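# Per-entry structural report
The lines below spell out each chain.
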Amino acid sequence: MKKALYAILALVLCISVVFAGCANNPDDDVKGGVSENADTEEEAAVVLSDNKIEEGEETSQADLGTEVELFIGGTYYLEGTIYSSGQALPAKLATDGKNVQCTTEVYGIRIGFLLLDDNTFITLPSENVYTELSQTLVSAIGIDDFDVSELQGLKPGEETEQATIKQFAVTINGDAGLCTEYSYKDSTIKLYSIGDKLVQVDNYDTTGKITMQMVISSIAKDIPSDQLTLKGLSDSSVTSFISSFMKLATNAVA
């Protein structure tokens, strides 16, 4: 599930950079909206959560807390904020251990990504439409450096990579908490919690650089009926979907 989850989130963040570039260059159309200057600004920008976290000594606790166990278990619905690429984005995330859905809002536009039964879809909830994700589609909306094949063929339930686990005593905004760290071959994930509450999830690359944070507002085991489904949405052709996307994007940054 880790690979599928973070591939979906990476795509969400790519979309946010496209919109940020359009906002910085309102005279450009969406496809060419991210200039070299905008790229430089985005790379230089650092937007992190307001949580003040200090790590202490290594420790060992068998009881990770209810919400941490829920997150690790891979079946949950959460709401929170994603911080990365100079952006802070509201996010709703649902996963049942096999399928993943993430919906965010960028410049007032809700957009979602759904990995469902080994197929990947992009949705525009305000327009009640979806289409299957393809390299042609992401390139058309200005995301040239995302490889759709990273998502295609992912089988979350079959991921077997084992993590090295460590724990550290921490203070979070002055309160005693726990950091449970999962180190994989290509990334490290830190789960920060206070008692039963999962407060924040940090993701690091192999160099130790933080690539993304998620601050958790709520997480629950029950997944709403409008999640992990295409019910209520109409299948749109790629051309029609791109047209709707461009219209929304143009209006959003006008």
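What counts, and at which threshold
Residues numbered from 1 in each chain as written. Predicted model: local features only at pLDDT ≥ 70, side-chain atom pairs only at ≥ 80, totals over all residues. Heavy atoms only, no water. Buried < 20%, exposed > 50% of the residue type's maximum accessible area, 1.4 Å probe, protein only. Helix = DSSP H or I, 4+ residues; strand = E, 2+ residues; numbered from the N terminus. Arc of directions from axis to C-beta. Core = buried A, V, L, I, M, F, W, Y, C linked by side-chain atoms within 4.5 Å. Contact = heavy atoms within 4.5 Å. Polar contact = N/O pair within 3.5 Å; in protein donor to acceptor, adjacent residues only side chain to side chain. pLDDT = per-residue confidence, 0-100. Phe/Tyr/Trp six-rings, centres within 6.5 Å; stacked < 30°, edge-to-face > 60°. Lys NZ or Arg CZ within 6 Å of the ring centre and 35° of its normal.

### Quick look at helix α3 (residues 66–73)
Because an α-helix completes one turn every 3.6 residues, residues spaced three or four positions apart along the sequence face the same direction. Taken residue by residue, α3 has Glu67, Val68, Leu70 and Phe71 as its buried positions. One face of α3 carries all of its buried residues, which in axial projection span an arc of 160°. Away from its buried face, by an angle of more than 90 degrees, α3 presents the exposed residues Thr66 and Gly73.

### What about the nonpolar core?
Formed by 51 residues in total, the largest nonpolar core has its most connected members in Phe71 and Val201. If sequence neighbours within four positions are ignored, Val201 has contacts with Tyr6, Phe71, Ile189, Lys190, Leu191, Met212, Gln213, Met214 and Ile216. Among the nonpolar cores identified, the runner-up in size contains eight residues, and Ala94, Leu116, Phe121 and Tyr130 belong to it.

### Let's talk about unusual backbone geometry
In this model, Asn128 sits at a positive phi of 55°, which is unusual for a non-glycine residue. Tracing the backbone through its elements, the reader meets Asn128 in the loop between β6 (119–124) and β7 (129–132). A relative accessible area of 40% means that Asn128 is categorised as partly exposed. Its identity is not glycine, yet Leu228 carries a phi of approximately 60°, on the positive side.

### Comments concerning the side chain of Ser236
Relative to the helices and strands, Ser236 resides in the loop between β13 (234–235) and α5 (238–253). There is a polar contact of 3.4 Å between the side chain of Ser236 and the side chain of Ser240.

### As for the confidence of the model for the protein chain
Here the protein chain shows a mean pLDDT of 83. Residues at 70 or above account for 80%. Ranking the helices and strands of the protein chain by mean pLDDT puts strand β8 (residues 164–172) first, with 97, and helix α2 (residues 36–44) last, with 42. Counting interchain partners and residues more than four positions distant, the pLDDT-below-50 stretch residues 30–44 has 30 contacts.

### A closer look at the environment of Tyr130
Relative to the helices and strands, Tyr130 resides in strand β7. On the basis of relative accessible area, Tyr130 is assigned to the buried category, the value being 13%. Tyr130 sits 104 residues away from Ser234 along the chain, and the two C-alpha atoms are 6.2 Å apart. Excluding residues that lie within four positions of it along the chain, Tyr130 makes contacts with Phe121, Ile122, Thr123, Leu230, Leu233, Ser234, Asp235, Ser236 and Phe241.

### Some words on the packing of aromatic side chains
Scanning all chains against the criterion turns up two aromatic pairs. Taking 5.6 Å as the distance between ring centres and 85° as the angle between the ring planes, the aromatic pair formed by Phe121 and Tyr130 counts as edge-to-face. The ring of Tyr204 has Lys190 sitting right over it, with the charged end atom 5.2 Å from the ring centre.

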